[in-house]
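Breakdown of the fold
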Amino acid sequence: AQKITQTQPGMFVQEKEAVTLDCTYDTSDPSYGLFWYKQPSSGEMIFLIYQGSYDQQNATEGRYSLNFQKARKSANLVISASQLGDSAMYFCAMREGGRTDKLIFGTGTRLQVFP
Amino acid sequence: NAGVTQTPKFQVLKTGQSMTLQCAQDMNHNSMYWYRQDPGMGLRLIYYSASEGTTDKGEVPNGYNVSRLNKREFSLRLESAAPSQTSVYFCASSTRDLGYTFGSGTRLTVV
């Protein structure tokens with residue numbers, strides 16, 4: 001069963017506007033972590049933001065924030081004040097608790113920022 | 001610079017050839033991973049190693065073998081390459097407290 005779902009294959013946003021990238025997850029483990037990564041056209045994986053399942057507050061890192069709704073099992077990424085350099089693929093990923101730290105990815109959302 | 005180093009960056013193989021993708025990290029991480037990335041599929045876990053001397057299958061292990069040579073190195077071997085293994089391969093390492101670090105990727109084409 002797919003554990004991470006990103007339903008938006010592509011998104012467009014105008015420069016300086018905010019955009020929300022959706023991510024839902026499925027796990028029965030009470031301890032888990034949620035990650036967002038950015039992959040520009042150059043191909044490297046860039047860590048953006050992390051949310052732990054026990055964290056009380058939504059994570060924020062600069063222009064990135066994670067809208068964590070635990071009961072709905074969603075972890076949407078919000079990018080405020082979009083910039084042209086934000087154009088990239090964005091991946092949501094989850095690490096479950098337990099003895100291993102393996103990270104499972106969603107299929108990604110391609111964001112394009114236009115002037 | 002500290003990080004994850006993958007070699008080679010590009011490789012073209014003929015069907016049936018074998019090769020080993022190398023990965024090394026210098027951050028003293030216990031866990032290491034191999035992923036493949038295909039268009040529309042995201043990153044899928046091939047194999048992982050939670051510690052030196054242990055390896056486990058991920059989502060798509062068929063056609064691959066791995067070796068955790070020591071704490072630093074985790075190699076991925078294709079014994080008989082197939083066109084379906086054309087992909088971009090990423091190695092990563094992690095520690096629970098500090099997260100994951102990815103290599104720059106290997107673009108493999110099997111013809």
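Residues numbered from 1 in each chain as written. Chains lettered and ligands numbered in written order. Predicted model: local features only at pLDDT ≥ 70, side-chain atom pairs only at ≥ 80, totals over all residues. Heavy atoms only, no water.

What follows deals with the pattern of salt bridges. Applying the stated criterion across every chain yields a total of six salt bridges over all chains. Between Arg63 of chain A and Asp86 of chain A there is a salt bridge, with the nearest N and O atoms lying 2.8 Å from each other. Of this pair, Arg63 of chain A sits in the loop between β7 (60-61) and β8 (64-69) while Asp86 of chain A sits in the loop between β9 (74-79) and β10 (88-96), placing them 23 residues apart in sequence. A residue is classified by how much of its surface remains accessible, and Arg63 of chain A, at 23% relative accessible area, is partly exposed. The buried category is assigned to Asp86 of chain A, whose relative accessible area is 2%. Asp38 of chain B serves as the salt-bridge partner of Arg44 of chain B, at 2.8 Å between the closest nitrogen and oxygen. One exposure class covers both Arg44 of chain B and Asp38 of chain B, and it is buried. Each of Arg36, Asp38 and Arg44 of chain B takes part in salt bridges that share partners, so that together they form one network. (Salt bridge = Lys/Arg side-chain N within 4 Å of Asp/Glu carboxyl O. Helix = DSSP H or I, 4+ residues; strand = E, 2+ residues; numbered from the N terminus. Buried < 20%, exposed > 50% of the residue type's maximum accessible area, 1.4 Å probe, protein only.)

Counted as a void, the largest pocket has a volume near 520 Å³. Together, 25 residues line the largest pocket, and Gln39 and Gly43 of chain A together with Gln37, Val88 and Arg107 of chain B are the ones closest to its centre. Elements represented by at least two residues in the lining of the largest pocket include exactly β10 of chain A together with β4 (31-38), β9 (87-95) and β11 (106-110) of chain B. By residue number, the principal contributor to the lining of the largest pocket is β9 of chain B, which donates three residues. Among the residues forming the lining of the largest pocket, the class breakdown is eight nonpolar, 13 polar and four charged. (1 Å grid on protein atoms, 1.4 Å probe; cavity = no way out; pocket = protein on both sides within 12 Å on 5 of 7 lines; lining within 4 Å. Points joined across faces, edges and corners; volume = space filled by probe spheres on them. Nonpolar A, V, L, I, M, F, W, Y, C, P; charged D, E, K, R; others polar.)

Attention now moves to the sheet that holds strand β7 (residues 65-68) of chain B. Residue and element names in this part refer to chain B. Pairing is antiparallel in the open sheet, where four strands are placed in the order β1-β3-β8-β7. The open sheet is flanked by β1 (4-7) and β7, the only strands paired with a single partner. The average undirected angle you get between the axes of adjacent strands in this sheet is 15°. Sheet analysis places β7 next to strand β8 (residues 74-78), joined by four bridges and oriented antiparallel. Bridged to Asn65 within β8 is Arg77. (Pairing = 2+ DSSP bridges. Axes fitted to C-alpha atoms, helices over the stretch in contact; angles between N-to-C directions.)

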